[in-house]
Amino acid sequence: MAEFGAMRAVVQRVSSASVTVDGKVVGAIDEPGLLVLVGVTHSDGPAEAARLAGKLWGLRILHGEKSCSDIGAPLLVISQFTLYGDARKGRRPTWQSAAPGPVAEPLVDAVVAELRAQGARVETGVFGADMKVSLVNDGPITLVLDVPGV
């Protein structure tokens, strides 16, 4: 895994996925696509968000080594600050490497906006909410992506 200082995503190839807030489904994909958990750190900016979106759109992990851009597959993008949890010392993780909400939220939104600008169908969770995520992992295939700064 890369050093802290890169926008991070956990990407799962799914048959379907959904996210629920307060008992209500707020985002769902009902066909093969990608579930993407996005974490932001302090040094991330719009350039990292654009690079991550491009990487996600072109990532060839769907069946037949296809990407979402190849077949128009949907993505469910969910903010996940805990991707920057650090539990190397003790038993309680620290979240010091995670960017605070006012920094992270616009960058997660920028990833979604850039994906949509490239033609992607994107569903989302609700930033900062207590979310319940359900998925059928296909493969299973799960990757951790670190998109370094410039």
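Up top you'll find the structure we're talking about.
Residues numbered from 1 in each chain as written. Predicted model: local features only at pLDDT ≥ 70, side-chain atom pairs only at ≥ 80, totals over all residues. Heavy atoms only, no water.

A.B. asks: Help me out: how do you make sense of the nonpolar core in this one?
C.D. replies: Within soluble globular proteins, side chains that are nonpolar generally end up buried alongside one another. Of all hydrophobic cores here, the largest spans 30 residues; its most connected members are Val11, Val36, Leu52, Leu56, Leu75 and Leu115. If you list the elements that add at least two residues to this core, you get strand 1 (6–21), strand 3 (33–39), helix 1 (46–58), strand 4 (75–79), helix 3 (101–117) and strand 6 (131–148). Ignoring sequence-local partners within four residues, the contact set of Leu52 consists of Met7, Ala9, Val38, Val111, Leu145 and Val147. (Core = buried A, V, L, I, M, F, W, Y, C linked by side-chain atoms within 4.5 Å. Buried < 20%, exposed > 50% of the residue type's maximum accessible area, 1.4 Å probe, protein only. Helix = DSSP H or I, 4+ residues; strand = E, 2+ residues; numbered from the N terminus. Contact = heavy atoms within 4.5 Å.)

A.B. asks: Help me out: how do you make sense of the packing of helix 1 against helix 3 in this one?
C.D. replies: What describes two packed helices is the angle between their axes and the distance between those same axes. For the pair helix 1 and helix 3, interaxial distance at closest approach is 8 Å and the crossing angle is 45 degrees. Of the possible angle classes, the one that applies to helix 1 and helix 3 is oblique. Along this stretch, helix 1 crosses helix 3, giving a crossing that reads as right-handed. Of the residues in helix 3, those touching helix 1 at Pro46, Ala49, Ala50, Leu52, Ala53, Leu56 and Trp57 are Leu107, Ala110, Val111, Glu114 and Leu115. Here the residues of the contact of helix 1 with helix 3 sort into eleven nonpolar, no polar and one charged. (Axes fitted to C-alpha atoms, helices over the stretch in contact; angles between N-to-C directions. Parallel < 35°, antiparallel > 145°, perpendicular 65-115°, else oblique. Left-handed = near helix turned anticlockwise from the far one by under 90°. Nonpolar A, V, L, I, M, F, W, Y, C, P; charged D, E, K, R; others polar.)

A.B. asks: Would you mind showing me how to read the layout of surface pockets here?
C.D. replies: In this approach a probe as big as a water molecule rolls over the atoms, and the regions it shows empty are the leftover space. The volume enclosed by the largest pocket comes to roughly 270 Å³. In terms of lining residues, the largest pocket is bounded by 18 residues, among which Ser79, Gln80, Phe81, Gly128 and Met131 are the most central. Contributing elements (two or more residues each) for the lining of the largest pocket: strand 3, strand 4, helix 3 and strand 6. When residues in the lining of the largest pocket are grouped by element, the largest group, three residues, is from helix 3. (1 Å grid on protein atoms, 1.4 Å probe; cavity = no way out; pocket = protein on both sides within 12 Å on 5 of 7 lines; lining within 4 Å. Points joined across faces, edges and corners; volume = space filled by probe spheres on them.)

A.B. asks: What is the right way to look at unusual backbone geometry in this model?
C.D. replies: Trans is the prevailing form of peptide bonds, just as negative phi is the prevailing case for residues other than glycine. The amide bond that connects Gly139 to the next residue, Pro140, takes the cis arrangement and shows omega of -5 degrees. With respect to the secondary-structure elements, Pro140 resides in strand 6. Its identity as a non-glycine residue notwithstanding, Asp22 has a phi of 50 degrees, on the positive side. Relative to the assigned elements, Asp22 resides in the loop between strand 1 and strand 2 (24–29). Look at Glu65: it is not a glycine, yet its phi comes out positive at around 55 degrees.

A.B. asks: Just to check I follow, could you spell out helix 1 for this structure?
C.D. replies: Quick reminder: α-helices carry 3.6 residues per turn. Residues three or four places apart thus point the same way. An ideal rise of 1.5 Å per residue puts 18 Å on 13 residues; helix 1 measures up with 18 Å between its terminal C-alpha atoms. Within the sequence span of helix 1, burial applies to Glu48, Ala49, Leu52, Ala53, Leu56 and Trp57. The arc enclosing the buried residues of helix 1, seen along the axis, measures out at 165 degrees, which places them on a common side. Next to the buried residues of helix 1 lie strand 1, strand 3, helix 2 (68–71), strand 4, helix 3 and strand 6. (Expected span 1.5 Å × (residues − 1). Arc of directions from axis to C-beta.)

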